[in-house]
Amino acid sequence: MLAVHDLTTTYGAVTALDGVSLEAPAGQVTAVLGANGAGKTTLLRTVSGLVRAQRGAVSLEGTDITRLPAERMTGLGIAHVPEGRGVIAELTVAENLRLGGLHRRQGSEPERLERVYELFPVLGDRSNALAHVLSGGERQMLVIGRALMARPRVLLLDEPSLGLAPRVVAQIFALLRTLVERDGLTVLLVEQNATSALSIADRGVVLGLGRVVATEPAERLAADEKLRHAYLGF
Amino acid sequence: MQQFMTTLLGGLTLGAVYASFALALCLIWRSTRVVNFAQAPMAMVTTYVGLEVIEATGSYWLGFAVALAAGFVLGALVERLLVRHVEGAGDLNIVILTLGLFVALHGLAALVFGSDYRSFPAPFGLKGLHVGGHNVAITPFGVFTIVAVGIVLVLLVLLFRSTDVGLRMRAAAFSPEVARLLGVRVGAMLTLGWALAAVVGSLAGLLIAGGNLVFPQYMDSVVVYGFVAAVLGGLDSPVGSVVGGLILGLVLSFVSGYVAGDLVPVTALIVLVGVLLVRPGGLFSHVAERRV
């Protein structure tokens with residue numbers, strides 16, 4: 001389980017996260033929802049150590065990881081998939097994938113590559129192409145596949161649906177759900193697209209201006225009309 | 001024919017020297033997006049270190065190895081102690097830092113090693129080779145120069161293309177934040193990039209010094225040509241740097257051999273302007289699409 005307690009992050013005078021506490025239970029999808037500027041991306045960046053927390057704590061299976069630098073996360077089994085489809089455009093698809101598995105060697109590399117190509121056959125077809133020729137959906141598959149190369153326990157996903165066609169979003173989200181059920185992956189999913197996120201999430205956390213507004217099972221959140229109108233825009 | 005061969009081989013040798021210098025610039029540019037103006041004086045300092053070792057022990061190769069090792073250490077130190085602290089503070093700050101280092105190292109070298117002209121030995125003869133009774137206009141040291149640069153290029157390409165460390169270095173250079181999230185120690189990769197670049201720079205220094213005189217400014221004449229070679233090939237491409245160096249060496253050699261030696265600096269300038277006009281990214285650039 002990944003737990004966040006009273007996390008506060010500031011950028012200069014701006015408080016992006018203001019005492020956020022939440023849990024991502026093992027083997028479940030926890031969706032973090034909210035409008036632009038609610039602090040969703042900052043939450044993930046603070047959890048993975050890209051930004052320093054002003055206050056509060058992050059723990060993985062009870063071990064405090066708040067002050068660990070970002071480069072240690074992969075080794076612990078936490079994979080942060082950044083927003084904006086953070087592929088390394090100058091490297092090939094295969095190189096991007098290999099890079100994902102360099103710092104947590106579990107199983108042989110060819111075997112892990114094979115598994116990713118099974119999940120995303122299109123990546124196998126284009127393994128020697130430079131990542132910058134991929135489409136938006138393929139890039140999203142590549143970053144998820146790259147994260148899976150490390151066989152993570154926890155997947156932190158930042159807006160995987162951003163800029164993708166609904167059909168591709170559905171495909172990627174269905175695959176995430178499969179991974180959770182099959183491998184017991186723990187997912188913390190940050191999304192603006194609340195409808196899609198709640199369709200695969202077990203629990204939902206709503207952020208508003210850096211604070212937790214609600215924490216509910218996904219179905220109940222989807223049914224809560226007041227909350228939906230106020231924070232989720234549907 | 002004799003003159004043609006002389007000019008050709010002379011150009012290749014000269015080109016190999018420019019290539020090694022351009023390669024060093026390219027390595028730092030690739031990993032940190034910094035043009036290292038202190039490249040030449042850094043190589044000058046390590047060449048002096050090599051010369052001291054050669055004079056003390058009488059072994060050229062020991063001095064050669066120590067100079068390369070000194071380059072590794074100096075490159076790493078410059079990155080750790082200086083460059084790192086101005087990173088992210090704007091590109092101009094780093095440029096000014098390396099220019100300051102240029103001046104400082106010149107002064108330091110004059111203090112430590114003196115500013116007299118000192119002769120630097122060459123490991124092989126400096127007389128032309130004889131092949132089948134004919135004089136060939138290339139010295140054994142010239143052959144060594146070309147071979148050494150070729151080996152370094154092959155090793156670097158292998159490092160970047162086929163090793164995990166090379167993959168980490170490229171990831172750290174292209175996309176530091178993503179690389180960190182994947183577990184790459186970006187800072188260490190940048191230090192390694194500077195260290196390797198300084199090793200290649202040291203090699204350039206040794207190749208220029210071999211059989212010549214060494215003094216604190218002895219590298220300065222190469223600086224301009226090394227930069228032109230790097231821009232010609234594309235600062236991003238190691239192969240481009242070497243090809244750029246060779247092309248420039250040949251062009252300058254033919255201009256000097258067939259037209260007039262006085263035109264060499266102007267020709268380099270014309271080449272530079274021409275490349276910048278036609279292909280600003282260099283002959284070997286493949287400009288990756290960047291998201292805005």
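On a predicted model such as this, the values are computed, not experimentally measured, just so you know. (Residues numbered from 1 in each chain as written. Chains lettered and ligands numbered in written order. Predicted model: local features only at pLDDT ≥ 70, side-chain atom pairs only at ≥ 80, totals over all residues.)

A. Local environment of the overall build of chain A. Secondary structure summary: chain A contains 10 helices and 10 strands in total. Rg of the C-alpha trace for chain A: 17 Å, near the compact-globule value of 17 Å for 234 residues, within the 12% margin. Considered along the principal axes of its C-alpha atoms, chain A spans approximately 45 × 35 × 35 Å. Split into buried and exposed, the 234 residues of chain A put 47% on the buried side. Relative to all contacts within chain A whose residues are 6 or more apart in sequence, the contacts with residues 24 or more apart total 69%. (Helix = DSSP H or I, 4+ residues; strand = E, 2+ residues; numbered from the N terminus. Rg over C-alpha atoms; globule rule 2.2 N^0.38 Å. Buried ≥ 20, exposed ≤ 12 C-beta atoms within 10 Å, placed from the backbone. Contact = placed C-beta atoms within 7 Å.)

B. Molecular detail of the pairing of strand 8 (residues 186-191) of chain A. Residues and elements named next belong to chain A. Most of strand 8 is tucked away, with 6 of its 6 residues classed as buried. Residues of strand 8 alternate between two faces, with Thr186, Leu188 and Val190 on one and Val187, Leu189 and Glu191 on the opposite face, all of them buried. Across 5 bridges, strand 3 (residues 29-33) lies against strand 8 in parallel orientation. What sits directly across from valine 32, in strand 8, is valine 190. With 5 bridges joining them, strand 7 (residues 154-158) and strand 8 adopt parallel strand pairing. Bridge pairing in strand 8 links leucine 157 to leucine 189. (Pairing = 2+ DSSP bridges.)

C. Region of interest: the pairing of strand 6 (residues 78-81) of chain A. All names here are of chain A. Because side chains alternate across strand 6, one face comprises the buried residues Ile78 and His80, and the other comprises Ala79 and Val81, equally buried. Note: strand 6 against strand 7, 4 bridges, orientation parallel. Bridging from a neighbouring strand, isoleucine 78 pairs with valine 154 of strand 7.

D. Just the nonpolar core, in detail. Counting 167 residues, the largest nonpolar core has Leu156 and Leu189 of chain A together with Leu23, Leu25, Val200, Ala229 and Leu248 of chain B as the members making the most contacts within it. Here this core takes 17 residues from helix 8 (residues 186-209) of chain B, the largest share from any one element. Taken domain by domain, the makeup of this core includes at least three residues from each of domain 1 (2-77 + 155-232) and domain 2 (88-152) of chain A. Residues contacting leucine 25 of chain B, with those up to four places away along its chain left out, are Val35, Asn36, Gln39, Gly226, Phe227, Ala230 and Leu235 of chain B. (Core = buried A, V, L, I, M, F, W, Y, C linked by C-beta atoms within 7 Å. Domains from an automatic or database assignment.)

E. View of the UniProt feature "transmembrane region" (unreviewed entry) in chain B. Residue and element names in this part refer to chain B. The feature "transmembrane region" (unreviewed entry), as given by UniProt, occupies residues 60-82, 94-115, 135-160, 181-209, 215-235, 242-260 and 266-288 in the numbering adopted here. Taken end to end, residues 181-209 is 86% helix and 0% strand, and its two terminal C-alpha atoms sit 44 Å from one another. Secondary structure across residues 215-235 divides into 67% helix and 0% strand, with the first and last C-alpha atoms of the span separated by 28 Å. (UniProt positions renumbered as here; feature names shortened; annotations may be inferred.)

F. Examining the sheet that holds strand 5 (residues 63-64) of chain A more closely. Residues and elements named next belong to chain A. Spatially, 2-1-4-5 is the arrangement adopted by the 4 strands of the open sheet, whose pairing is antiparallel. Two strands lie at the open edges of the sheet, namely strand 2 (14-24) and strand 5, each paired on one side alone. Two strands pair when backbone bridges link them, and strand 4 (residues 55-60) and strand 5 are joined in this way by 2 bridges, in the antiparallel orientation. Looking at strand 5, one finds that leucine 60 is bridged to threonine 63. Its contacts with the sheet put helix 1 (residues 40-47) on strand 1 (2-11), strand 2 and strand 4, and the angle it makes with strand 2 is roughly 70°. (Axes fitted to C-alpha atoms, helices over the stretch in contact; angles between N-to-C directions.)

G. Representation of the sheet that holds strand 6 of chain A in the model. Residues and elements named next belong to chain A. The strand order across the open sheet formed by 6 strands is 6-7-8-3-9-10, and the pairing between neighbours is mixed. With partners counted over all chains shown, the strands left at the sheet margins are strand 6 and strand 10 (211-217), one partner each. Taken pair by pair, the neighbouring strands of this sheet meet at an average axis angle of 15°, ignoring direction. The sheet strands contacting helix 10 (residues 225-232) are strand 3, strand 9 (203-208) and strand 10, and the helix crosses strand 9 at an angle near 50°.

H. The arrangement of the domain arrangement of chain A in detail. Residues and elements named next belong to chain A. On domain assignment, one finds that chain A holds domain 1 (2-77 + 155-232) and domain 2 (88-152). A C-alpha centroid distance of 23 Å is found between domain 1 and domain 2. Taken together, the contact between domain 1 and domain 2 spans 11 residues of the former and 10 residues of the latter. Looking at the side of domain 1 that touches domain 2, the elements that each hand over two or more residues are helix 2 (73-76) and helix 7 (166-183). If one sorts the elements of the side of domain 1 that touches domain 2 by residue count, helix 7 sits on top with 3 residues. The residue inventory of the side of domain 1 that touches domain 2, partitioned by class, reads 7 nonpolar, 4 polar and no charged. (Nonpolar A, V, L, I, M, F, W, Y, C, P; charged D, E, K, R; others polar.)

I. Representation of the interface of chain B and chain A within the structure. Contacts between the two partners involve 17 residues from chain B and, on the opposite side, 22 residues from chain A. Elements supplying a minimum of two residues to the side of chain B that touches chain A: helix 6 (164-174) and helix 7 (176-181) of chain B. Here the residues of the side of chain B that touches chain A are counted per class, giving 8 nonpolar, 2 polar and 7 charged.

J. Spotlight on helix 7 of chain A. All names here are of chain A. The end-to-end C-alpha distance of helix 7, which contains 18 residues, comes to 25 Å, matching closely the 26 Å that a straight helix rising 1.5 Å per residue would cover. Of all the residues in helix 7, the buried ones are Val169, Ile172 and Phe173. The buried side chains of helix 7 occupy one side of the element, clustering within an arc of 95° when seen end-on. Along helix 7, exposed side chains directed more than 90 degrees from the buried face belong to Arg167, Ala174, Glu181 and Arg182. Buried residues along helix 7 sit against helix 6 (136-148) and helix 8 (194-200). Within two residues after helix 7, glycine 184 carries a phi angle of roughly 70°, on the positive side. (Expected span 1.5 Å × (residues − 1). Arc of directions from axis to C-beta.)

K. Examining the packing of helix 5 (residues 140-162) of chain B against helix 8 of chain B more closely. Residue and element names in this part refer to chain B. Two elements in contact, helix 5 and helix 8, have axes whose closest approach is 11 Å; the angle formed by their N-to-C orientations is 175°. In terms of their interaxial angle, helix 5 and helix 8 are classed as roughly antiparallel. Between helix 5, through Thr145, Ala148 and Val152, and helix 8, the contact on the second element is made entirely by Val200, Leu203 and Leu207. (Parallel < 35°, antiparallel > 145°, perpendicular 65-115°, else oblique.)

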